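Chain by chain, the residues run as shown.
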Amino acid sequence: MSDDENPANIASIKAKLIASKQKWAREGRLLTGKAGEDRLPPGQRLVRDWPVLDLGLQPDVPLATWRLRIDGQVNNPVEWDWAAFQAQPQMDDVSDIHCVTSWSRYDNHWTGVAARHVVELAKPHSEVNHVIFHSHDGYTTNVTLEQFTAPDVVLAHAWEGKPLTREHGGPVRIIMPQYYFWKSAKWVQRIEFAAIDRPGFWEVRGYHNNADPWTEERYS
Ligand SMILES: Nc1nc2c(c(=O)[nH]1)N[C@H]1C(S)=C(S)[C@@H](COP(=O)(O)O)O[C@H]1N2
Ligand SMILES: [Mo]
């Protein structure tokens, strides 16, 4: 009997085939628009410019009076003025923007304070599972604590090495790269940790609570 007819060998070849198919299933291979293979999520088109979207208000927040409050159900509430914010450890990250209105923009270079650093400092209570961003224009949006603590989440004050412009949410906005861009609150003034979820401005108006672009969580 030759080696490949040996039942033990056939069993081991089958096991390998099954393992690789299982890996494909886990990675979603051959599905259209899955992460890794394809960079553009389903239903999106690539743009080179950077559109501006807001509620018709672009608050002017001078650095001299800028404050960021980090509070809610935490052991250590924090308030930073501009100097204190700049004195925090800084990080850089390059990520893609995916807006629910169907444009995507690749390779945006952000500089700012890591969300993880905020969580470490504020020490949310053990029952906290949600984070709510409050902005100077009255806008709010909600994410889970797990989403907020991803390593690529930034409290960004610079884009491509330049101060974030007012129209794009400067002095500071949140960047949540893994979700549709409405989760990335511009002109942020308060980060609230909460045990109970509270849907934000667009979430109460029919947008999806979770907002994953890869599974097209656009509307609820
Ligand atoms: N404070 C605030 N943040 C906001 C918004 C807003 O209206 N106010 N719009 C959201 C939406 S719907 C999008 S698509 C992005 C737009 O960011 P950009 O203008 O920098 O492209 O900001 C998000 N963050
Ligand atoms: Mo948006």
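Relevant structure appears above.
Note that this is a predicted model, so its numbers are computed, not measured.

A. Up close: the side chain of Q88. The residue Q88 is located in the loop between α2 (82-86) and β4 (91-98) in this model. Overall, Q88 belongs to the buried group, its relative accessible area being 15%. Apart from residues no more than four positions distant in its own chain, Q88 is found in contact with W80, V113, H117 and L121.

B. Just the sheet that holds strand β11 (residues 188-194), in detail. The strand order β3-β2-β11-β6-β7 describes an open sheet built from five strands, whose pairing is mixed. Where the open sheet ends on each side, the last strands, each with one partner, are β3 (78-81) and β7 (140-144). Averaged over all pairs of adjacent strands, the angle between their axes in this sheet comes to 15°, without regard to strand direction. Pairing of strand β6 (residues 130-135) with β7 involves five bridges; the strand directions are antiparallel. Within β7, the residue paired with V131 across the bridge is V143.

C. Up close: the packing of aromatic side chains. Applying the stated rule across the entire model yields 15 aromatic pairs. Ring geometry for W50 versus W110: centroids 5.8 Å apart, planes at 75°, classification edge-to-face. With a gap of 60 residues between them, W50 in the loop between β1 (45-46) and β2 (67-72) and W110 in strand β5 (residues 103-114) connect regions that are remote in the sequence. W50 gets classed as buried once you look at its relative accessible area, which sits at 13%. On the numbers, 5.6 Å between centres and 55° between planes, the contact of F133 with F148 is tilted. Remark: F148 occurs in helix α4 (residues 145-148) and F133 occurs in strand β6; sequence separation between them is 15 residues. Positioned over the ring face of Y106 is R39, at 4.1 Å from the centre of the ring. Positioned above the aromatic ring of F201, the side-chain terminus of R205 is 3.8 Å from the ring centre.

D. Quick peek at the site of ligand 1. Taken together, 20 residues sit near ligand 1, with P51, D137, H168, R173 and K186 positioned nearest. At a separation of 2.7 Å, an oxygen atom of ligand 1 approaches a polar side-chain atom of H168. For ligand 1, an oxygen atom lies 2.7 Å from a polar atom in the side chain of R173. Isolated, ligand 1 exposes 530 Å² of accessible area, and the fraction of that covered by the protein chains is 98%.

E. Main features of the pattern of salt bridges. Here the structure, examined in full by the defined rule, presents nine salt bridges. Notably, a salt bridge pairs D96 with R39, separated by 2.8 Å at the nearest N-O pair. Taken as a pair, D96 in strand β4 and R39 in the loop between α1 (7-27) and β1 lie far apart in primary sequence, 57 residues in all. Residue classification places R39 among the partly exposed residues on the basis of a relative accessible area of 36%. Here E192 makes a salt bridge to R190, at a shortest N to O gap of 3.9 Å.

F. Here's a closer look at the nonpolar core. In this structure, W80, F133, F148, L155, I191 and F193 are the most contacted members of the largest nonpolar core, which totals 37 residues. Elements with a contribution of two residues or more to this core: β2, β3, α2, α3 (115-122), β6, α4 and β11. With four residues, the single largest contributor to this core is α3. Filtering out sequence-adjacent residues up to four positions away, I191 remains in contact with L68, R69, I70, D71, V131, I132, F133, F148, L155 and I174. The next biggest cluster of nonpolar side chains, apart from the first, holds 14 residues, and it includes W50, W103, A156 and I175.

Reading the values: rules and limits
Residues numbered from 1 in each chain as written. Chains lettered and ligands numbered in written order. Predicted model: local features only at pLDDT ≥ 70, side-chain atom pairs only at ≥ 80, totals over all residues. Heavy atoms only, no water. Helix = DSSP H or I, 4+ residues; strand = E, 2+ residues; numbered from the N terminus. Buried < 20%, exposed > 50% of the residue type's maximum accessible area, 1.4 Å probe, protein only. Contact = heavy atoms within 4.5 Å. Pairing = 2+ DSSP bridges. Axes fitted to C-alpha atoms, helices over the stretch in contact; angles between N-to-C directions. Phe/Tyr/Trp six-rings, centres within 6.5 Å; stacked < 30°, edge-to-face > 60°. Lys NZ or Arg CZ within 6 Å of the ring centre and 35° of its normal. Near = heavy atom within 4 Å. Polar contact = N/O pair within 3.5 Å; in protein donor to acceptor, adjacent residues only side chain to side chain. Areas by Shrake-Rupley, 256 points an atom, 1.4 Å probe, with all protein chains shown as cover. Salt bridge = Lys/Arg side-chain N within 4 Å of Asp/Glu carboxyl O. Core = buried A, V, L, I, M, F, W, Y, C linked by side-chain atoms within 4.5 Å.

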